[in-house]
Amino acid sequence: MLKQSILLVAFICYSIAGWAVSWKGQSFNFPNGPKEWSDPITYEIRSEKMEKKGDAAVKVEIRVRAVKKIAMGCRYELEITNKDTRGIRFGVHNMSNKLSYKLKEGASKTGIIDSFTRGCKGIESCGDCACDFYLDDISLMK
């Protein structure tokens, strides 16, 4: 039983190092390397409360780049642009940190977030390190 547990933990750690930087499971593409901005991902943000009220989702565009290699992972700059005519508030988090965004119509905001993931060897490997971003606290701005 102990051997099986050790093998399971080793497999999970190995698998995590093979993931990539992603937005809710959708991987970012870094055509010019992770130190340059990724190709943008278009995403529609909507909470359950918005859905119940019949409010349409708010379209945003997200891109990311590695800023620096840190001791146990990578530091990323995350830029989100509101492509909608309505403003929105929301939080973005990964397993390590959280950012808050408040975007008016057409506005962009950048934030710095760290991802503490083993397996990142240097800044050039930060595009392949495990860092998935998630949303919470979503609400429309009035």
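Throughout what follows, the structure given in this document is the object of discussion.

What counts and how
Residues numbered from 1 in each chain as written. Predicted model: local features only at pLDDT ≥ 70, side-chain atom pairs only at ≥ 80, totals over all residues. Heavy atoms only, no water. Core = buried A, V, L, I, M, F, W, Y, C linked by side-chain atoms within 4.5 Å. Buried < 20%, exposed > 50% of the residue type's maximum accessible area, 1.4 Å probe, protein only. Helix = DSSP H or I, 4+ residues; strand = E, 2+ residues; numbered from the N terminus. Contact = heavy atoms within 4.5 Å. Pairing = 2+ DSSP bridges.

Turning to the nonpolar core, a few remarks are in order. Note that soluble globular proteins tend to have their nonpolar side chains buried in a common cluster. If you look at the biggest cluster of nonpolar residues, it comprises 30 residues, and the most contacted ones within it are W23, Y76, L78, I80 and F133. Elements with a minimum of two residues in this core: β1 (21–23), β3 (41–45), β4 (58–70), β5 (73–82), β6 (88–93), β7 (98–103) and β9 (131–140). Among the elements that make up this core, the one with the highest residue count is β4 (five residues). Here L78 is in contact with W23, I62, R63, V64, V92, L99, Y101, K109, T110, G111 and F133, once residues within four sequence places are set aside.

If you trace the backbone, Q26 turns up in strand β2 (residues 26–27). When its relative accessible area of 40% is taken as the criterion, Q26 is described as partly exposed. Distance in space between the C-alpha atoms of Q26 and I41 is 8.2 Å, their sequence separation being 15 residues.

Okay, the pairing of β6 next. Strand direction decides the pairing type here: β6 and β7, joined by six bridges, are antiparallel. Counted as the bridge partner of G91 is S100 from β7. Connecting β6 to the next strand, β7, in antiparallel fashion are four residues. Examined bridge by bridge, β6 and β9 share five bridges and lie antiparallel to one another. Bridge pairing in β9 places R89 opposite S139.

You will see that K24, though not glycine, has its phi angle at about 50 degrees, which is positive. With respect to the helices, strands and loops of the structure, K24 is situated in the loop between β1 and β2.

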